[in-house]
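One-letter residues, chain by chain:
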Amino acid sequence: MQEGLTIGELAARSGVAPSALRYYERLGLVRAARTGGNQRRYERGELRRVAFIRISQQVGISLDEIRSALDSLPDSRTPTTSDWTRLSASWQGRLDERIRMLTKLRDDLTGCIGCGCLSLQRCALYNPGDQLAAQGPGARLMLTNASADTNGA
């Protein structure tokens, strides 16, 4: 009976490239034992950790935050349903804010593209002379409007 999954098997089962799995291992996100021939072997529970990592990344959680979340688990075990509930609840506010910003971006882009003005004189997003630079980095009109919408809601 084979002990553990090879990196190729874990990659095939998880949909994550072997190079990403090695990177996750280097970061301490997943663990592998080594055979006498120095080949990696992953316990089947690592599939759940990889799924946790992938889902967390897809909703915008950084690898550093994911590592912190996994490190908070007793004995570095695989996340359970209750662990996922607790961890995702701690990310809820930030995810809600991200959803609001993405919705605003979608709606504003649709309106802007839909108007077809292509005019820098009439465009609500135009920034003549880079006047918004004094307000800080990033897309100031979008960030300011998203914050105002959030605070006013």
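Presented here is an overview of the structure given in this document. These numbers come from a predicted model, not from an experiment.

**Here's the deal with the packing of helix α3 (residues 46-58) against helix α4 (residues 63-71)**
So, step 1. Running from N to C, α3 and α4 point in directions that differ by 140°, and their axes come no closer than 10 Å. As far as their axial angle goes, α4 and α3 are oblique. Considering how the two elements wind past one another, α3 and α4 form a crossing that is right-handed. Where α3 approaches α4, its residues Arg49, Phe52, Ile53, Ser56 and Gln57 are matched on the opposing element by Leu63, Ile66, Ala69 and Leu70.
So, step 2. Classifying every residue of the contact of α3 with α4 gives 6 nonpolar, 2 polar and 1 charged.

**Let's talk about the environment of Arg41**
So, step 1. Position of Arg41 among the secondary structure elements: in strand β2 (residues 40-41).
So, step 2. With 10 residues separating them along the chain, Arg41 and Arg31 place their C-alpha atoms 8.7 Å apart.
So, step 3. A polar side-chain atom of Arg41 sits 3.2 Å from a polar atom in the side chain of Gln39.

**Overview of the layout of surface pockets**
So, step 1. By volume, the largest pocket is sized at about 170 Å³.
So, step 2. For the largest pocket, the full set of lining residues is Glu3, Gly4, Arg31, Ala32, Ala33, Arg34, Thr35, Arg41, Tyr42, Glu43 and Glu46.
So, step 3. Across the lining of the largest pocket, the residue classes tally to 3 nonpolar, 2 polar and 6 charged.

**A short note on the pattern of salt bridges**
So, step 1. Under the counting rule described, the total for this entry stands at 7 salt bridges.
So, step 2. Arg86 serves as the salt-bridge partner of Asp83, at 3.8 Å between the closest nitrogen and oxygen. Placement of both Asp83 and Arg86 in helix α5 (residues 81-115) is noted, with a separation of 3 residues, approximately one turn of the helix.
So, step 3. Because the salt bridges share partners, they merge into one network encompassing Arg31, Glu46 and Arg49.

**Comments concerning α4**
Helical periodicity: at 3.6 residues per turn, an α-helix aligns residues three or four positions apart in one direction.
So, step 1. Among the residues of α4, Leu63, Ile66, Ala69 and Leu70 are the ones counted as buried. Angularly, the buried residues of α4 cover 115° about the axis, an arc narrow enough to put them on a single face.

**Observations concerning the packing of aromatic side chains**
So, step 1. Per the counting criterion, the structure on display carries 3 aromatic pairs.
So, step 2. A ring pair is formed by Phe52 and Trp91, whose centres lie 6.3 Å apart and whose planes are at 40°; its orientation type is tilted. A residue pair is termed long-range when its members are at least 10 positions apart, and Phe52 in helix α3 and Trp91 in helix α5 qualify at 39 residues. Trp91 matches Phe52 in its accessibility class, with the two residues each being buried.
So, step 3. Taken together, the ring pairs connect Phe52, Trp84 and Trp91 into an aromatic cluster.

**Observations regarding the nonpolar core**
So, step 1. Residues Leu21, Tyr24, Ile53 and Ile66 are the most contacted members of the largest nonpolar core, which totals 23 residues.
So, step 2. Of all the secondary structure elements, the ones that give two or more residues to this core are α1 (7-14), α2 (18-27), α3, α4 and α5.
So, step 3. Apart from the residues within four sequence positions on either side, Leu21 is in contact with Ile7, Leu10, Ala11, Ser14, Val16, Val30, Tyr42 and Val50.

So, how was this worked out
- Residues numbered from 1 in each chain as written.
- Predicted model: local features only at pLDDT ≥ 70, side-chain atom pairs only at ≥ 80, totals over all residues.
- Heavy atoms only, no water.
- Axes fitted to C-alpha atoms, helices over the stretch in contact; angles between N-to-C directions.
- Helix = DSSP H or I, 4+ residues; strand = E, 2+ residues; numbered from the N terminus.
- Parallel < 35°, antiparallel > 145°, perpendicular 65-115°, else oblique.
- Left-handed = near helix turned anticlockwise from the far one by under 90°.
- Contact = heavy atoms within 4.5 Å.
- Nonpolar A, V, L, I, M, F, W, Y, C, P; charged D, E, K, R; others polar.
- Polar contact = N/O pair within 3.5 Å; in protein donor to acceptor, adjacent residues only side chain to side chain.
- 1 Å grid on protein atoms, 1.4 Å probe; cavity = no way out; pocket = protein on both sides within 12 Å on 5 of 7 lines; lining within 4 Å.
- Points joined across faces, edges and corners; volume = space filled by probe spheres on them.
- Salt bridge = Lys/Arg side-chain N within 4 Å of Asp/Glu carboxyl O.
- Buried < 20%, exposed > 50% of the residue type's maximum accessible area, 1.4 Å probe, protein only.
- Arc of directions from axis to C-beta.
- Phe/Tyr/Trp six-rings, centres within 6.5 Å; stacked < 30°, edge-to-face > 60°.
- Core = buried A, V, L, I, M, F, W, Y, C linked by side-chain atoms within 4.5 Å.

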